[in-house]
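Reading the structure
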Amino acid sequence: MTTALPPGVSASEMDRAVEDFTAALGPAAVLTSEEDLREFRDPYAYVGWDEFIASAVVVPDTVEAVQEVVRIANRRRVPLWTFGQGRNNTYGGPAPRVRGSVLVNLRQMNRVLEVSEELAYALVEPGVRFFDLHDHLRAGGHRLWPSIPDIGWGSVVGNTLEYGRGYTPYGDHAAAVCGMEVVLPNGDLLRTGMGAMTRSGCWQAYRWGYGPSVDGLFMQSNFGIVTKMGVWLMPQPEVYLSCFAKFEDDATVEPLVDALRRLMLDGTIRNYPLLAQGVGVGEQEGEVGADNRWAMRFALYGPEEVVHAQYRVAEAALTAIPGVEVEKRWYAGDDLGAVTMHDDKVQCGIPGMELMDRFMEPYGEHTGHLDFSPVSQHTGREVVKVIELMRSLYGRHGIPYIAGLIMSPRSVLHISTSFYDTTDEAQTSSAYDAYAELVTGMAAEGYGLYRTNLRYMDLVAEQYDFNDHALRRFNETIKDALDPNGVLSPGKQGIWPRSMRQAR
Ligand SMILES: Cc1cc2nc3c(=O)[nH]c(=O)nc-3n(C[C@H](O)[C@H](O)[C@H](O)COP(=O)(O)OP(=O)(O)OC[C@H]3O[C@@H](n4cnc5c(N)ncnc54)[C@H](O)[C@@H]3O)c2cc1C
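Residues numbered from 1 in each chain as written. Predicted model: local features only at pLDDT ≥ 70, side-chain atom pairs only at ≥ 80, totals over all residues. Heavy atoms only, no water.

1. A few points about the sheet that holds strand β1 (residues 30-31)
- Taken in spatial order, the four strands line up as β1-β2-β4-β3 in an open sheet, and their pairing is mixed. Each of the sheet's edge strands pairs with one partner strand only, and the pair in question is β1 and β3 (80-83). (Pairing = 2+ DSSP bridges. Helix = DSSP H or I, 4+ residues; strand = E, 2+ residues; numbered from the N terminus.)

2. Concerning the site of the ligand
- Looking at the ligand, there are 35 residues lining it, with G84, S155, R165, Y167 and R451 nearest.
- For the ligand, an oxygen atom lies 2.9 Å from a polar atom in the backbone of D150.
- The side chain of R451 places a nitrogen or oxygen atom 2.7 Å from an oxygen atom of the ligand.
- Alone, the ligand offers 970 Å² of accessible surface; in the complex the protein occludes 96% of this.
- A per-element tally of the shell around the ligand places helix α5 (residues 156-161) first, with four residues.
- Partitioning the shell around the ligand into residue classes produces 16 nonpolar, 13 polar and six charged.
- Two domains each provide a minimum of three residues to the shell around the ligand, namely domain 1 (11-105) and domain 2 (112-235). (Near = heavy atom within 4 Å. Polar contact = N/O pair within 3.5 Å; in protein donor to acceptor, adjacent residues only side chain to side chain. Areas by Shrake-Rupley, 256 points an atom, 1.4 Å probe, with all protein chains shown as cover. Nonpolar A, V, L, I, M, F, W, Y, C, P; charged D, E, K, R; others polar. Domains from an automatic or database assignment.)

3. Description of the packing of helix α6 (residues 253-265) against helix α7 (residues 304-319)
- At a minimum axis separation of 9 Å, α6 and α7 run at an interaxial angle of 160°. Overall, the two elements α6 and α7 adopt an arrangement that is roughly antiparallel. α6 and α7 meet at a crossing whose hand is right-handed. Where α6 approaches α7, its residues L256, A259 and L263 are matched on the opposing element by V313, A314, A317 and L318.
- Residue composition of the contact of α6 with α7, by class: seven nonpolar, no polar and no charged. (Axes fitted to C-alpha atoms, helices over the stretch in contact; angles between N-to-C directions. Parallel < 35°, antiparallel > 145°, perpendicular 65-115°, else oblique. Left-handed = near helix turned anticlockwise from the far one by under 90°. Contact = heavy atoms within 4.5 Å.)

4. Some remarks on the pairing of strand β10 (residues 225-232)
- With seven of eight residues buried, β10 lies mostly within the body of the structure.
- Where strand β6 (residues 121-124) and β10 come together, four bridges link them in antiparallel fashion. Paired with L123 across the two strands is G230, which belongs to β10.
- The pairing of strand β8 (residues 177-183) with β10 spans five bridges and is classified as antiparallel. Its bridge partner lying in β10, M180 is registered against M229. (Buried < 20%, exposed > 50% of the residue type's maximum accessible area, 1.4 Å probe, protein only.)

5. Considerations on α6
- With 13 residues, α6 should cover 18 Å at 1.5 Å per step; its first-to-last C-alpha distance of 18 Å lies within 8% of that length.
- Taken together, the buried residues of α6 touch β12 (239-247), β13 (274-277), β14 (294-302), α7, α10 (380-396) and β18 (403-407). (Expected span 1.5 Å × (residues − 1).)

6. Looking at helix α13 (residues 466-482)
- With 17 residues, α13 extends 24 Å from end C-alpha to end C-alpha; this agrees with the ideal 24 Å at 1.5 Å per step.
- At R473, α13 shows its largest kink, close to 35°.
- Considered for burial, the residues of α13 that qualify are H469, R472, N475, E476, I478, K479 and D480.
- Buried residues along α13 sit against α12 (457-463). (Bend = angle between axes of the 7 residues up to and from the residue.)

7. Regarding empty space enclosed by the protein
- A full pass over the atoms with the stated rule returns two cavities of 30 Å³ or more.
- Its boundaries defined by the atoms lining it, the second largest cavity holds a volume of some 110 Å³.
- Along its surface, the second largest cavity is lined by F130, L133, P146, S147, V156, T160, Y170, H173, A176, V231, W232 and L233. (1 Å grid on protein atoms, 1.4 Å probe; cavity = no way out; pocket = protein on both sides within 12 Å on 5 of 7 lines; lining within 4 Å. Points joined across faces, edges and corners; volume = space filled by probe spheres on them.)

8. Here's the deal with the domain arrangement of the protein
- Domains assigned within the protein are domain 1 (11-105), domain 2 (112-235), domain 3 (239-358), domain 4 (360-463) and domain 5 (466-501).
- A separation of 41 Å is found between the C-alpha centroids of domain 3 and domain 5.

9. Topic: the packing of helix α1 (residues 11-25) against helix α3 (residues 63-76)
- The interhelical angle for the contact between α1 and α3, taken along N-to-C directions, is 160°, at an axis separation of 10 Å. With respect to their mutual orientation, α1 and α3 come out roughly antiparallel. For the element pair α1 and α3, the recorded crossing hand is right-handed. Listed contacts from α3 to R16, A17, D20, F21, A24 and L25 of α1 are A65, E68, V69, I72, A73, R75 and R76.
- Split by residue class, the contact of α1 with α3 holds eight nonpolar, no polar and five charged.

10. Quick look at the sheet that holds β8
- On the basis of which strands lie adjacent, the open sheet formed by five strands has the order β5-β6-β10-β8-β9 and antiparallel pairing. The open sheet has two edge strands with one neighbour each: β5 (112-116) and β9 (189-191). On average, adjacent strands in this sheet sit at an angle of 10° to one another, irrespective of strand direction.
- In the sheet, β5 pairs with β6 via four bridges, with the strands oriented antiparallel. Within β6, the position partnered with V115 by the bridge is A122.
- Packed on one face of the sheet, helix α4 (residues 130-139) meets β5 and β6 and runs near 50° to β5.

11. Here's the deal with the state of the cysteines
- The full count for this structure, using the stated rule, is zero disulfides.
- Cysteine C243 shares no disulfide, and the gap to the nearest cysteine sulfur, in C348, comes to 13 Å.
- Note on C348: relative accessible area 1%, which makes it buried. (Disulfide = S-S within 2.5 Å.)

12. Describing a negative patch on the surface
- A cluster of acidic side chains, namely E238, E304, E305, D334 and D335, defines a negative patch on the protein surface.
- Tracing the sequence through the fold places D335 in the loop between β15 (325-332) and α8 (342-346).
- Classification of D335 as partly exposed rests on a relative accessible area of 46%. (Patch = residues over 30% accessible without salt bridge, like charges linked within 9 Å, V, L, I, M, F, W, Y side chains within 5 Å. Salt bridge = Lys/Arg side-chain N within 4 Å of Asp/Glu carboxyl O. Lys, Arg positive; Asp, Glu negative; His and termini not counted. Charge placed at Lys NZ, Arg CZ, Asp CG, Glu CD.)

And the structure:
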């Protein structure tokens, strides 16, 4: 029935697993046909590759159904791979690390379970998209803003568990999590933080609970399936000011980055600015790769008089650097109807798909791209060093350097992108080969990635090498204890269960 079998699982064993899933979830919630599975391939891999394809998709719609899926996987020894919306494009989309895994598609678990206006949080299920959370807050008349990534079709939970980023003051999504519910690899159900106390009202209000805080164990890991998550939301400000600092000369990057760090550390700028070249930031009609000018978007929020004062401070600091021009657009916090430009929308939590359209321009529907994202310190000298290194490494492969630097007070995520045609195997392969060299080339200088594509999960984990990979050994000790049959997302982030470790 299925063509892609997981390692060590025979066709008849797989058929029995599918029968069990069907008995537990109903036939409509188990997909095995080639046609149904096509949607769940990595959309940015070469169309003919089948290294990361699934054998089946199961679609549970309750926590109990997720628990049952995990129990069946243990009984039948079939690997699972979970996603909320599966829009993890450039990192593999919905596709699994291990060929033949069964995808656990959580799109049907899409309810916003609770919103607290007073405490500014929401409790969401794992299939809730950024579009859904935004619409739910607007429909309910809540004076609360979500933080969203540049494109809105992903799941809040999936994006957050991958350390995804948005661009409001709540844009470090993992840092805005408060309380999770998790199905463990043996089917048991855990609530973290104050959720561990049945009658507590503080599950979404106080993070740490009592004893070790374990939320981080379920981010970028394969230790559980998150079935509920609390997210803190931004109270609607009186005024929102969308700002841009623009310049042309590369020599301006260093002083601008240093000035920004000071403005972020002292709290003048509280959101997560994007410093970009070649992705059309600050332009009405941006074209990817077409422009060598630099632009940084950032935003200010609060009572009108406070925002006026913050703007004066930020403008003075940034325009003191020769060649920098600052632009701004004012909006009332309670009237976002006038916000139409992509940059302005993402900084106030209005999801859209404009950037996706822009990123599909190079090869139309066959456009693929690989994002390469090392982390550096937030100092002018480090940022310039990383840009120069990345330019030279990309340059060796004839790939133009396109930059989108997500700025935090102390660190920078250097997101860069290379485009290729997914119907052209040679072109796709050469982008992938360049990527591998970028990983090792940057690691040689001490720069690690914050997130990567399925194909490079081992290579990137390999670079985190302190004390003979003590962190990986620690993770795999936990993996073996929690998941002795190795059924949950084996290989994710380079964490393998004992039975598959030789695959590394
Ligand atoms: C043009 C473009 C722009 C982008 N801009 C941004 C951006 O601004 N910021 C950003 O962060 N990303 C960005 N991305 C990357 C990506 O599209 C988003 O992060 C997207 O939100 C991820 O998809 P998802 O939310 O559907 O996650 P999913 O695919 O649902 O999940 C991602 C991974 O998390 C794990 N996971 C998901 N759900 C669970 C669960 N319930 N339990 C346990 N593990 C789980 C799985 O390993 C899964 O593979 C961009 C991509 C493109 C193509």
